[in-house]
Amino acid sequence: DHVGGLGALNKPAFPNAVVRVDKRDADYWLSKQEQEKAPADAKGFFQGAMDSVAAYASAGKFKPFEGSTQLVPGVRASSSYGHTPGHTTYVVESKGQKLVLMGDLLHSAEVQFEDPTVTIAFDTDNKAALAQRQAAFAEAAKQGYLFGAAHLPFPALGHIRAHGKGYEFYPVTYSIPR
Ligand SMILES: [Zn+2]
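Computed from a predicted structure; not experimentally measured. (Residues numbered from 1 in each chain as written. Predicted model: local features only at pLDDT ≥ 70, side-chain atom pairs only at ≥ 80, totals over all residues. Heavy atoms only, no water.)

### What to know about the pairing of strand β9 (residues 166-171)
Of the strand pairs in this sheet, strand β8 (residues 157-163) and β9 are connected by six bridges, and their pairing is antiparallel. The residue bridging Ile160 from the neighbouring strand is Phe169, located in β9. Hairpin connection of β8 to β9: two residues between the antiparallel strands, including Gly164 at a positive phi of 60°. (Pairing = 2+ DSSP bridges. Helix = DSSP H or I, 4+ residues; strand = E, 2+ residues; numbered from the N terminus.)

### What about the sheet that holds strand β7 (residues 146-148)?
Taking strand neighbours across the sheet as the criterion, the seven strands line up as β3-β4-β5-β6-β7-β8-β9 in an open arrangement whose pairing is mixed. This sheet does not close on itself; its edge strands, each paired only once, are β3 (69-72) and β9. Averaged over all pairs of adjacent strands, the angle between their axes in this sheet comes to 35°, without regard to strand direction. Of the strands in this sheet, β4 (75-79), β6 (97-101), β7, β8 and β9 are in contact with helix α5 (residues 126-143), which crosses β8 at around 95°. (Axes fitted to C-alpha atoms, helices over the stretch in contact; angles between N-to-C directions. Contact = heavy atoms within 4.5 Å.)

### Some words on the packing of aromatic side chains
For any pair of aromatic rings, the description consists of the separation of the ring centres together with the inter-plane angle of the planes. Applying the stated criterion across every chain yields a total of 11 aromatic pairs. With 4.9 Å between their ring centres and 85° between their planes, Tyr28 and Trp29 make a pair best called edge-to-face. Judged by its relative accessible area of 17%, Trp29 is buried. The interplanar angle of 25° and the centroid separation of 6.3 Å between the aromatic rings of Phe137 and Phe147 together place this pair among those described as stacked. In this pair, Phe137 sits in helix α5 while Phe147 sits in strand β7, placing the two residues 10 residues apart along the sequence. Like Phe147, Phe137 is buried. (Phe/Tyr/Trp six-rings, centres within 6.5 Å; stacked < 30°, edge-to-face > 60°. Buried < 20%, exposed > 50% of the residue type's maximum accessible area, 1.4 Å probe, protein only.)

The following block contains the structure:
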């Protein structure tokens, strides 16, 4: 998911980068058979993934990993399967601080903080995605660490705290340097 910025076919936007992804997502999104089985309006997602990683793969810079694992010092992959077959949360830790990047565990800040049980049709497995969102929100509220998610409004980073049956989101403040 969200691979569009990697670059076009044969033209990597980050030629020095190594692209990492859970093997389950690689096996699914890069499979011609899965693409053929998918509904017409979903086929484009498969093509986008294939085109995005092609240049990295041919340069030996596409390296899938299996499940929760340490990727580099300070960055850990944590499986949160559901939205996609290999959906992964990335945990960044440095000097006692923690940032958790939740990817697509939520799609609408306006709806899913207040009611995390609302799912989206794009989830490969609604039930698993819902369980992962609830666990992630509960832990983020309890531990108070910073988290980010792809569909949050700018700056897409903040903290949450429990509120009623759901949560309230407190985005980090930001300013324009002068
Ligand atoms: Zn998304």
